[in-house]
Amino acid sequence: MKQIRLGSSFGTDNLETHTCATPTPGHGEVLIRVRAASLNYRDWEVINGQYHTVYGPGLIPLSDGAGEVVDTGPGVSAFRVGDPVIASFWQGWHSGPLADSLRAETLGGPLDGMLSEYRVLPQQGLVKAPSHLDFAQAATLPCAGVTAWQALVTEGSIRAGDRVLVQGTGGVSMFALQIARMHGAQAIVLSSSDAKLALARHHGATATINYRSTPDWADAVIAATDGHGVDHILEVGGPGTFAQSLSALAVGGQINVIGYLGGKQGQINPLQILQAHARVRGIAAGPTSTLEHLCNAIEHNAVTPVIDREFDGMAYTQALNHLTSAQHVGKIVLNL
């Protein structure tokens, strides 16, 4: 089988193709023929040595993947050959708080990721894919979809009539839009592109704001919610957007910090948090149980993930360049 690994130097141009024997699953393990892997900004950071943890040569990158079961080891009861499955980003975090899963580790660093023709994983780290999704669509769920569900549903207890602010139109943001609408909540989307905002409206956004033409977008959010503010924010910008997020928040609202595209350094005024009675939490995806709940909801509601573009598996350099161009809406997928 073939797999892609980090080389002796960082960068997409230094990724190396390796050929090795197809592994055999052990007790409780499942052999998967990986059919698709989707991209996250985290993957680009890992490949380029800019992630907060630096991984050395030999690591198989990419955190998200889906495929079909081709073999099972002794003791496997949850899956059969031919089942379409999704790999949970967090292996060893099955449910509950992360603090209770001390041995949990993530795919794509430190564990080998999904840019490989075959992968062996424990059956507890896999979930059956929704029956109406193809492999490319299923591969978008483990990081972006789970992050949005963990923020809005597992931790956020979203209710019908709530107001959600979504920053941007990337993978997590588009899943947040779909999950908000699934629960009868309103969704306001921010972007610097009118074309992207039009696509957001097509996918159910109840209001859109161009933050380039409306730099004081928090005021526009307050106006769009009749002075109420929003109950949930998926904060992806970091220090460049956090102050305005607090200003746009309803009293007692929630800010889920899931990214830092605007940088990793900045100032936060704690008085704003106090005055807003805000609940601020970090969301680093979620456990396998969240992936299961997400898959059930997607199947029940016949939701289709938003994919911007699909690439051939060996075109990973072009796909990663497309990711960093920030021109996409939704997810980018490699078909393997």
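Residues numbered from 1 in each chain as written. Predicted model: local features only at pLDDT ≥ 70, side-chain atom pairs only at ≥ 80, totals over all residues. Heavy atoms only, no water.

Named according to an unreviewed UniProt entry, the chain is Zinc-binding dehydrogenase originating from Vreelandella halophila.

(A) Main features of the sheet that holds strand 15 (residues 279–282). Spatial ordering of the open sheet is given by 12-11-10-13-14-15, a layout of 6 strands whose pairing is parallel. Strands at the two margins of the open sheet, each flanked by one partner only, are strand 12 (207–210) and strand 15. For this sheet, the mean inter-axis angle between neighbouring strands, taken without regard to orientation, is 15°. Sheet topology note: the strand 13 (residues 230–235)/strand 14 (residues 249–257) ladder contains 5 bridges and is parallel. Within the sheet, the bridge partner assigned to V230 lies in strand 14 and is L249. Its contacts with the sheet place helix 3 (residues 141–154) against strand 10 (163–167), strand 13, strand 14 and strand 15, and it is angled at close to 155° to strand 13. Contacts from helix 4 (residues 171–182) reach strand 10, strand 11 (186–191) and strand 13, with the element oriented near 160° to strand 11. (Pairing = 2+ DSSP bridges. Helix = DSSP H or I, 4+ residues; strand = E, 2+ residues; numbered from the N terminus. Axes fitted to C-alpha atoms, helices over the stretch in contact; angles between N-to-C directions. Contact = heavy atoms within 4.5 Å.)

(B) Spatial organisation of helix 9 (residues 288–301). Spanning 14 residues, helix 9 covers 20 Å between terminal C-alpha atoms, matching the ideal 20 Å at 1.5 Å per step. For helix 9, every residue scored as buried is listed here: T288, S289, T290, L291, L294, C295, A297 and I298. On its buried face, helix 9 sits against strand 5 (84–87), strand 6 (90–91), strand 9 (126–128), helix 3 and helix 4. Phi turns positive, to about 55°, at A302, one or two residues after helix 9. (Expected span 1.5 Å × (residues − 1). Buried < 20%, exposed > 50% of the residue type's maximum accessible area, 1.4 Å probe, protein only.)

(C) Seen up close, helix 6 (residues 217–224). For helix 6, every residue scored as buried is listed here: W217, A218 and V221. Down the axis of helix 6, the sector holding all buried residues measures 105°, keeping them to one side. Exposed residues pointing more than 90 degrees away from the buried face of helix 6 are listed as D219 and A223. Structurally, helix 6 contributes buried residues whose contacts are with strand 10, strand 11, strand 12, strand 13 and helix 7 (242–248). Looking one or two residues past helix 6, D226 carries a phi angle of roughly 55°, positive in sign. (Arc of directions from axis to C-beta.)

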